[in-house]
Amino acid sequence: MTMPALIAKHQKIVLANQLKTTFNLIFQSIEMSQGMIEDPEWAKNIDNKAMVNYTNEQKIADAEKYVTGNLKKTKVFGYIYPVSTGYFPTYKTMSGEQTAPTSLTGTDYYTMLLANGSFIFYKIDYNNDGTGASPSIYVDVNGKKGPNIIGKDVFLLHINTSGKLVMPGVEKSRDDLLELCKKDGSAATIYQSCGALIQKDGWVISKDYPW
């Protein structure tokens, strides 16, 4: 095996392990908060909130109460527009297209740096009628370190309406995930499949994974 191949193999192992660690940290933080949850259907009820009445301060309070409160944080940036800070890497697809969470869409995220070196970008999605949808979390598993490419060190996690952390697409078969997780795939398709493929393979980036 050549040196570049050995480096790539090592990088895959490291990044897959970092994804597993960060997923488990957030999962455990959510589970630890269960005993203090006043509203067991908090995530489901976000679907009924009019976003115009859901301030960033309230979003942060809910995030800390239900999701991030038990995470060890090195720095909390607040509810910010990441592109405007100049602090975060520019995230791209495998084909080089700039994308969330540092695309030029103007979206704000509750953003933090965890003690394990991961960036967390928490946001509430919007439905077409102006109400919220249960939260999503973009994770850069190794912070400013490269490659800063979705499907390699940047992934999307989702909190379902039951308040549980899941990897989008995990309900699909491995064959379907592999079909969706492609180097030339759109950002949306990659975010909805590649992390789930790694999880389904036992938190391993397999030989047939696009790299």
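Cut-offs and rules
- Residues numbered from 1 in each chain as written.
- Predicted model: local features only at pLDDT ≥ 70, side-chain atom pairs only at ≥ 80, totals over all residues.
- Heavy atoms only, no water.
- Helix = DSSP H or I, 4+ residues; strand = E, 2+ residues; numbered from the N terminus.
- Buried < 20%, exposed > 50% of the residue type's maximum accessible area, 1.4 Å probe, protein only.
- Contact = heavy atoms within 4.5 Å.
- Lys, Arg positive; Asp, Glu negative; His and termini not counted.
- Charge placed at Lys NZ, Arg CZ, Asp CG, Glu CD.
- Salt bridge = Lys/Arg side-chain N within 4 Å of Asp/Glu carboxyl O.
- Disulfide = S-S within 2.5 Å.
- Phe/Tyr/Trp six-rings, centres within 6.5 Å; stacked < 30°, edge-to-face > 60°.
- Pairing = 2+ DSSP bridges.
- Axes fitted to C-alpha atoms, helices over the stretch in contact; angles between N-to-C directions.

Draft legend 1. Main features of the overall build of the protein chain. Helix and strand content of the protein chain: six helices and six strands. With respect to the principal axes defined by its C-alpha atoms, the protein chain has extents near 55 × 35 × 35 Å. With 211 residues in all, the protein chain has 47% of them scored as buried. Long-range pairs, those at least 24 residues apart, make up 64% of the contacts in the protein chain with a sequence separation of at least 6. With 22 positive and 21 negative side-chain charges, the protein chain shows a separation of 9 Å between the mean positions of the two kinds.

Draft legend 2. Seen up close, the side chain of aspartate 62. Turning to its location among the elements, aspartate 62 is positioned in helix 3 (residues 56-68). Apart from residues no more than four positions distant in its own chain, aspartate 62 is found in contact with Lys49, Tyr54 and Val67.

Draft legend 3. Broad picture of the pattern of salt bridges. Across all of its chains, the model carries seven salt bridges by this definition. In this structure, the salt-bridge partner of aspartate 125 is lysine 123, at a minimum N-O distance of 2.8 Å. Between arginine 174 and aspartate 208 there is a salt bridge, with the nearest N and O atoms lying 2.8 Å from each other. Placement of arginine 174 in helix 4 (residues 174-180) and of aspartate 208 in the segment after helix 6 (194-200) is noted, with a sequence separation of 34 residues between them. Of the residues examined, aspartate 208 reaches a relative accessible area of 40% and is grouped as partly exposed. Residues joined by salt bridges that share partners form a network here, namely Arg174, Asp201 and Asp208.

Draft legend 4. Layout of the environment of alanine 115. Its place among the elements puts alanine 115 in the loop between strand 2 (109-114) and strand 3 (119-126). Remark: the alpha-carbon pair of alanine 115 and lysine 75, spanning 40 residues in sequence, is separated by 8.4 Å. For alanine 115, the residues in contact, after removing those within four places along its chain, are Lys72, Lys73 and Thr74.

Draft legend 5. Representation of the side chain of threonine 102 within the structure. Inspection of the secondary structure assignment puts threonine 102 in the loop between strand 1 (73-80) and strand 2. The buried category is assigned to threonine 102, whose relative accessible area is 3%. With residues near it in sequence (within four places) discarded, threonine 102 still touches Pro82, Val83, Phe88, Pro89, Thr90 and Tyr91.

Draft legend 6. Region of interest: the state of the cysteines. Here the structure, examined in full by the defined rule, presents one disulfide. Put simply, cysteine 181 and cysteine 194 are joined by a disulfide, and their sulfur atoms are 2.0 Å apart. Between cysteine 181 and cysteine 194, the S-S torsion sits near 110°, and that sign places the bridge as right-handed. Pair noted here: cysteine 181 is in the loop between helix 4 and helix 5 (187-191) and cysteine 194 is in helix 6, with a separation of 13 residues, a long-range link. We note that cysteine 181, like cysteine 194, is buried.

Draft legend 7. View of the environment of lysine 145. Mapped onto the fold, lysine 145 is located in the loop between strand 4 (132-140) and strand 5 (154-159). On the basis of relative accessibility, which here comes to 59%, the residue lysine 145 falls in the exposed class. In sequence terms lysine 145 and serine 118 are 27 residues apart; their C-alpha atoms lie 9.9 Å from each other.

Draft legend 8. The arrangement of the packing of aromatic side chains in detail. Applying the stated rule across the entire model yields 16 aromatic pairs. Judged by centre distance (4.9 Å) and plane angle (65°), the rings of phenylalanine 77 and phenylalanine 88 are edge-to-face. Taken together, the residues phenylalanine 77 in strand 1 and phenylalanine 88 in the loop between strand 1 and strand 2 connect sequence positions 11 residues apart. Residue class for phenylalanine 88 comes out buried when judged on its relative accessible area of 9%. Ring centres 6.0 Å apart and planes at 80° place the aromatic pair tyrosine 109 and phenylalanine 121 in the edge-to-face group. A residue pair is termed long-range when its members are at least 10 positions apart, and tyrosine 109 in strand 2 and phenylalanine 121 in strand 3 qualify at 12 residues.

Draft legend 9. Local environment of the sheet that holds strand 5. Taken in spatial order, the six strands make up an open sheet running 1-2-3-4-5-6, and their pairing is antiparallel. Each having just a single partner strand, strand 1 and strand 6 (165-166) make up the two edges of the open sheet. As judged from the six bridges shared by strand 1 and strand 2, these two strands associate in the antiparallel manner. Bridge pairing links valine 76 to methionine 112 in strand 2. Running at roughly 45° to strand 2, helix 3 makes contact with strand 1, strand 2, strand 3, strand 4 and strand 5 of the sheet.

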